[in-house]
Amino acid sequence: DNFKFLMVYLAIDLDSIVADGLVGLAPNSPNDHPNPTLVTTLYNEGVIDRNMFSLYLAKTDQDSKIWFGGFDPEYIRSAIDGGQLMTYEELESQIAWQPISSSFYWSTAIEEVQIGSIPIKLSVSHVIFDSGSSLNYLPTKEYKVVVGEI
């Protein structure tokens, strides 16, 4: 009841986008946005158990997923515990949670990147995660190394 939505009456040059809608998932930043985000509103109203969301970004020919209020253990179980039956809490304790470093977007410090066992030397100290971007951006030097290793 207490969430404000924006109605879009006209959208130009979006014909190629295959989507059912657009949802902003920026971090809460009371100094910049006086209204709470969708996820925080759902949490405050008791619709979801946790003030969090999680994403599963799939390959192009598969469906990506989003969960509000937690994560689906089936999507991370094989990556973390080799498919063993760990509880939700046990799985959660194995996730490397990172603090965000910006109130404007989902950004965190980054120390190391590897492709397989090959380390990639970085010229940047932070990474931005943006579920609304179709592309990932890297500095040119790192991009060339990554493409060379794929």
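Structure first, text after, so check above.
All of the points below concern the structure found in this document. Every value quoted in this text rests on a predicted model; they were computed, and no experiment measured them.

Brief notes about the overall build of the protein
- When helices and strands are tallied, the protein shows four helices and six strands.
- For the protein, with 150 residues in total, the buried portion stands at 18%.
- Looking at the protein alone, contacts between residues at least 24 apart form 26% of all its contacts between residues at least 6 apart.
- Put simply, the protein shows about 12300 Å² of open surface, and 54% of that area lies on carbon and sulfur atoms.

Quick look at the pattern of salt bridges
- Under the counting rule described, the total for this entry stands at one salt bridge.
- A salt bridge links glutamate 92 to arginine 50, with the shortest nitrogen-to-oxygen separation between them at 2.4 Å. Residue glutamate 92 is found in helix 3 (residues 88-94), and its partner arginine 50 is found in the loop between helix 1 (38-44) and strand 1 (53-56); the two are separated by 42 residues along the sequence.
- The exposure class assigned to glutamate 92 is buried, which follows from its relative accessible area of 19%.
- By relative accessible area, which is 26% here, arginine 50 ends up partly exposed.

Remarks on a nonpolar patch on the surface
- Side chains of Met7, Tyr9, Leu10 and Ile12 sit close together on the surface and give an oily, nonpolar patch of about 580 Å² of accessible area.
- Residue placement: tyrosine 9 occurs in the segment before helix 1.

What about the environment of proline 36?
- Along the chain, proline 36 falls in the segment before helix 1.
- Judged by its relative accessible area of 39%, proline 36 falls in the partly exposed class.
- When the C-alpha atoms of proline 36 and alanine 26 are compared, they prove to be 10.0 Å apart, with ten residues separating the residues in sequence.

Details of the packing of aromatic side chains
- Under the defined criterion, the tally for this structure stands at one aromatic pair.
- Both rings, one in phenylalanine 53 and one in tryptophan 106, keep their centres 5.7 Å apart while their planes meet at 70°; by these two values the pair is edge-to-face. Residue phenylalanine 53 is located in strand 1, and its partner tryptophan 106 is located in strand 3 (residues 106-109); the two are separated by 53 residues in the primary sequence.

Calculation notes
- Residue numbering note: each chain is counted from 1, following its sequence as written.
- With pLDDT at 70 or above as the cut-off, local features in this predicted model cover only qualifying residues; side-chain atom pairs require 80 or more to be listed or tallied, and sums for whole chains, interfaces and linings still use all residues.
- Side-chain measures were taken over the full set of non-hydrogen atoms in the model, leaving aside hydrogen atoms and water.
- The secondary structure listing takes helices from DSSP runs of H or I that are at least 4 residues long and strands from runs of E that are at least 2 residues long, numbered from the N terminus.
- Per-residue accessibility, obtained with a 1.4 Å probe over protein chains only, is compared with the maximum for each type, and a residue is labelled buried under 20%, exposed over 50%, and partly exposed between these values.
- Only heavy atoms matter for contacts: two residues are in contact if any of them lie within 4.5 Å across the pair.
- The Shrake-Rupley method, run with a 1.4 Å probe, gives the accessible areas here. Residue values count only the displayed protein chains as cover.
- Criterion for a salt bridge: a side-chain nitrogen of Lys or Arg within 4 Å of a carboxyl oxygen of Asp or Glu.
- The patch calculation keeps residues exceeding 30% relative accessible area without a salt bridge and links them within 9 Å when they carry like charges or within 5 Å when they are nonpolar (Val, Leu, Ile, Met, Phe, Trp, Tyr).
- What counts as a ring pair is set by centres within 6.5 Å for rings of Phe, Tyr and Trp (its six-membered ring), and what kind of pair is set by the plane angle: stacked under 30 degrees, edge-to-face over 60, tilted for all other angles.

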